[in-house]
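Structural overview
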Amino acid sequence: MNAHTNIVLQQAEPKTHAPEIPWSDWREFSYEDIPGLAGELYKETESRASRSLPKASLAGTIQMLCMAAGRGKLKTHTGGKVNLITYTAAPSAAGKENPQHMIKSLAYNLGWLRSMSNSPRSDKTIVLDFIEEKAEGCMVYVVDEAHQFLRAMSSSKASEYTQAMLTTILSITGSTIYPISSTTARELRKECRDRREKLA
């Protein structure tokens with residue numbers, strides 16, 4: 001799961017209105033004709049698969065592009081954040097793990113593992129991942145067995161911190177400004193005071 005979507009465009013000069021982007025005709029879409037870096041990443045992902053799963057490879061490709069855009073603090077053509085949440089549903093042993101492995105391999109080879117994590121355990125974990133230096137502009141959560149992850153957040157037996165994760169994820173990915181909760185803010189201030197006292 002991560003935070004990025006859309007094609008990222010750079011503009012030489014700021015404009016007063018967003019440029020018009022023509023709608024894509026998905027009836028003519030071909031996995032073999034994806035242009036540029038996206039096409040290379042897609043083909044590399046598929047070449048590593050023991051079983052071809054084109055749609056999962058495409059989702060993984062877009063995730064990798066969005067991870068790079070997030071670390072580069074790039075925006076969409078409308079000036080928005082490049083946030084993306086993808087889910088891959090397929091039978092067991094269908095090859096769902098291949099795009100995940102490709103994303104992890106890319107992050108490892110580029111030294112981006114600080115921007116990646118497995119399933120978060122609480123809303124506080126998510127907030128800390130973003131505000132600490134660890135994220136460096138973006139945070140990618142690679143979650144296996146996502147249905148269990150979602151079920152845990154909606155369970156009435158889950159702690160309030162686990163239940164709050166979904167709201168936190170949607171708020172961070174969809175908001176320009178995300179104010180952290182007063183409880184988390186107090187804990188962070190206390191932690192900062194304790195660190196200052198140890199350094200004094």
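Notes on the structure in this doc start here. (Residues numbered from 1 in each chain as written. Predicted model: local features only at pLDDT ≥ 70, side-chain atom pairs only at ≥ 80, totals over all residues. Heavy atoms only, no water.)

Here the focus is a positive patch on the surface. A contiguous patch of positive charge on the surface is contributed by Arg186, Arg189, Arg193 and Arg196. Inspection of the secondary structure puts Arg189 in helix α8 (residues 182-199). (Patch = residues over 30% accessible without salt bridge, like charges linked within 9 Å, V, L, I, M, F, W, Y side chains within 5 Å. Areas by Shrake-Rupley, 256 points an atom, 1.4 Å probe, with all protein chains shown as cover. Salt bridge = Lys/Arg side-chain N within 4 Å of Asp/Glu carboxyl O. Lys, Arg positive; Asp, Glu negative; His and termini not counted. Charge placed at Lys NZ, Arg CZ, Asp CG, Glu CD. Helix = DSSP H or I, 4+ residues; strand = E, 2+ residues; numbered from the N terminus.)

This part covers the nonpolar core. Counting residues in each nonpolar core, the largest one holds twelve residues, listed as Leu41, Met64, Met67, Met102, Ile103, Leu106, Ala107, Trp112, Met116, Cys138, Val140 and Val142. Contributions of two or more residues to this core are made by α2 (54-71) and α3 (97-109). The element that contributes the greatest number of residues to this core is α3, accounting for four residues. In this structure Met64 touches Leu41, Thr45, Met102, Ile103 and Leu106, once residues within four positions along its chain are discounted. Within the second largest apolar cluster, nine residues are counted, among which are Tyr141, Val143, Met165 and Ile169. (Core = buried A, V, L, I, M, F, W, Y, C linked by side-chain atoms within 4.5 Å. Buried < 20%, exposed > 50% of the residue type's maximum accessible area, 1.4 Å probe, protein only. Contact = heavy atoms within 4.5 Å.)

Per the stated rule, a full pass over the model turns up four salt bridges. Put simply, Arg48 and Glu44 hold a salt bridge, and the shortest N to O gap is 2.9 Å. Note on Glu44: relative accessible area 34%, which makes it partly exposed. One salt bridge connects Arg195 with Glu191, and the closest N-O pair in it is separated by 2.7 Å. One end of the pair is Arg195 and the other is Glu191, both in helix α8 and four residues apart, which spans about a single turn. Judged by its relative accessible area of 52%, Arg195 falls in the exposed class.

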